[in-house]
Amino acid sequence: MRVPQPIPYQGSKRNIARIILSFFPREFNTLIEPFAGSAAVSLAAAAYGKAHRFHLNDINKPLMELWRKIISSPKEIADAYERLWNEQRGREKKFYFYIRDQFNKTHRPDYLLFLLARCVKASIRYNSKGEFNQSPDNRRKGRHPQKMREAIFIASNLLKGRTIVTSKDYKEILDGVKKEDLVYMDPPYQGVCTGRDPRYYMGIDFDEFVEQLDKLNRKRIAFILSYDGRKEEKKYGSSSANCSSKFLKSIVRESNLGGVPVFNLPISKLNFFNCSLKPVVGFSLYLPAGVCFSPTCIKPF
């Protein structure tokens with residue numbers, strides 16, 4: 001089955017979405033993404049019938065406005081993208097910088113979609129003022145309007161009428177999660193949300209995040225987390241032993257129901273997978289204790 005990806009986004013989990021879906025509980029109410037981004041997991045869950053109600057949230061308000069347009073007004077946003085794509089002809093680089101300046105003034109969703117389709121490696125960068133400052137990829141013009149239109153309409157058909165879209169602090173979203181829901185989190189990783197040109201609209205405080213995970217565990221709420229990890233001997237994220245210990249304890253708590261160990265993606269021996277995948281550097285998948293998951297795509301070690 002072809003899963004649509006209307007929003008190009010570096011760090012998207014679209015290539016491993018099926019593995020993440022394999023850890024979904026068999027029954028739950030709403031799939032909630034507090035750090036939705038390109039919503040690759042929600043789109044895959046909708047396409048494969050793994051979830052039927054969705055809540056997409058991201059602190060990046062222009063991105064969520066784009067999602068509202070894609071879901072509710074697919075023709076409008078597809079037409080707008082096509083106009084921009086055609087207008088760039090013969091002056092691609094100059095036009096890109098013009099649209100970038102206009103987006104930073106207006107935050108129009110069609111401008112953001114065009115920039116994501118044209119920027120280097122679909123990699124968002126923001127300056128210290130919170131302005132989009134990524135450069136254009138001069139080797140390409142962005143996805144062809146017809147292909148973009150197809151992806152937009154398929155995504156709209158999958159999510160329309162059963163999706164809530166918000167732009168709030170992730171802690172507020174987690175406070176409203178019910179025990180019947182499933183939370184998938186793909187937050188800003190520690191190694192890429194600092195510095196002169198951070199990759200994310202806004203980073204998160206590590207200690208606060210650990211506290212939120214602990215709350216979810218205490219409430220016995222099912223969640224799946226993509227976060228900093230290790231690949232072979234190389235570690236990603238905090239090197240503090242205290243931070244690492246606190247983080248792991250918040251994920252894998254002692255429980256009468258047993259615990260699910262940390263599972264690293266990728267690992268050096270890819271033959272553990274039934275799926276054909278390319279390595280994803282520095283990414284780990286974490287599952288909480290006390291919640292029953294039934295992996296169908298992963299062979300036991």
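Residues numbered from 1 in each chain as written. Predicted model: local features only at pLDDT ≥ 70, side-chain atom pairs only at ≥ 80, totals over all residues. Heavy atoms only, no water.

## Some words on the overall build of the protein chain
Phase 1: On a plain count of helices and strands, the protein chain comes out with 10 helices and nine strands.
Phase 2: Counting over 301 residues, the protein chain shows a buried share of 51%.
Phase 3: By sequence separation, contacts in the protein chain at least 24 residues apart represent 73% of the contacts at least 6 residues apart.
Phase 4: Accessible surface computed for the protein chain: about 15000 Å², of which carbon and sulfur atoms make up 47%. (Helix = DSSP H or I, 4+ residues; strand = E, 2+ residues; numbered from the N terminus. Buried < 20%, exposed > 50% of the residue type's maximum accessible area, 1.4 Å probe, protein only. Contact = heavy atoms within 4.5 Å. Areas by Shrake-Rupley, 256 points an atom, 1.4 Å probe, with all protein chains shown as cover.)

## Structural notes on the packing of aromatic side chains
Ring pairs (aromatic) are described by centroid distance and by the angle formed between their planes.
Phase 1: By the definition in use, this model includes nine aromatic pairs.
Phase 2: On the numbers, 6.4 Å between centres and 40 degrees between planes, the contact of Phe95 with Tyr98 is tilted. One end of the pair is Phe95 and the other is Tyr98, both in helix α5 (residues 92-106) and three residues apart, which spans about a single turn.
Phase 3: Residue Tyr98 is classed as partly exposed on the basis of its relative accessible area of 45%.
Phase 4: Consider the rings of Phe95 and Phe114, whose centres lie 5.6 Å apart with planes at 85 degrees: the pair is edge-to-face. Of the two residues, Phe95 is situated in helix α5 and Phe114 in helix α6 (residues 109-118); the sequence distance between them amounts to 19 residues.
Phase 5: Taken together, Phe35, Tyr170 and Phe209 form an aromatic cluster joined through their ring pairs.
Phase 6: Positioned over the ring face of Tyr111 is Arg108, at 4.0 Å from the centre of the ring. (Phe/Tyr/Trp six-rings, centres within 6.5 Å; stacked < 30°, edge-to-face > 60°. Lys NZ or Arg CZ within 6 Å of the ring centre and 35° of its normal.)

## Focus: the packing of helix α4 (residues 74-87) against α6
Phase 1: Where α4 contacts α6, the two axes come as close as 9 Å, and the packing angle between them is 55 degrees. Our classification of the angle between α4 and α6 gives oblique. When you trace α4 past α6, the crossing you get is right-handed. Residues Ile77, Ala80, Tyr81, Leu84 and Trp85 of α4 form the contact with α6, whose own contacting residues are Pro109, Asp110, Tyr111, Leu113, Phe114 and Ala117.
Phase 2: Of the residues that constitute the contact of α4 with α6, the class distribution is 10 nonpolar, no polar and one charged. (Axes fitted to C-alpha atoms, helices over the stretch in contact; angles between N-to-C directions. Parallel < 35°, antiparallel > 145°, perpendicular 65-115°, else oblique. Left-handed = near helix turned anticlockwise from the far one by under 90°. Nonpolar A, V, L, I, M, F, W, Y, C, P; charged D, E, K, R; others polar.)

## Quick look at the confidence of the model for the protein chain
Phase 1: Looking at the protein chain as a whole, its pLDDT mean stands at 78, while 70% of the residues score no less than 70.
Phase 2: Confidence drops under a pLDDT of 50 for residues 229-244, and excluding neighbours within four residues, the segment shows 25 contacts in the predicted structure.
Phase 3: Low pLDDT (under 50) marks residues 290-301, which in the prediction has 36 contacts with non-local residues, meaning those over four places away or in another chain. (pLDDT = per-residue confidence, 0-100.)

## Examining α5
Working note: α-helix, 3.6 residues per turn, so residues spaced by three or four point in the same direction.
Phase 1: End to end, α5 covers 21 Å across 15 residues, agreeing with the expected 21 Å (1.5 Å per residue, within 8%).
Phase 2: Along α5, the positions that sit buried rather than exposed are Phe95, Tyr96, Ile99, Arg100, Gln102 and Phe103.
Phase 3: Contacts from the buried residues of α5 go to α3 (61-72), α4 and α6.
Phase 4: Phi for His107, located one or two positions after α5, is positive at around 60 degrees. (Expected span 1.5 Å × (residues − 1).)

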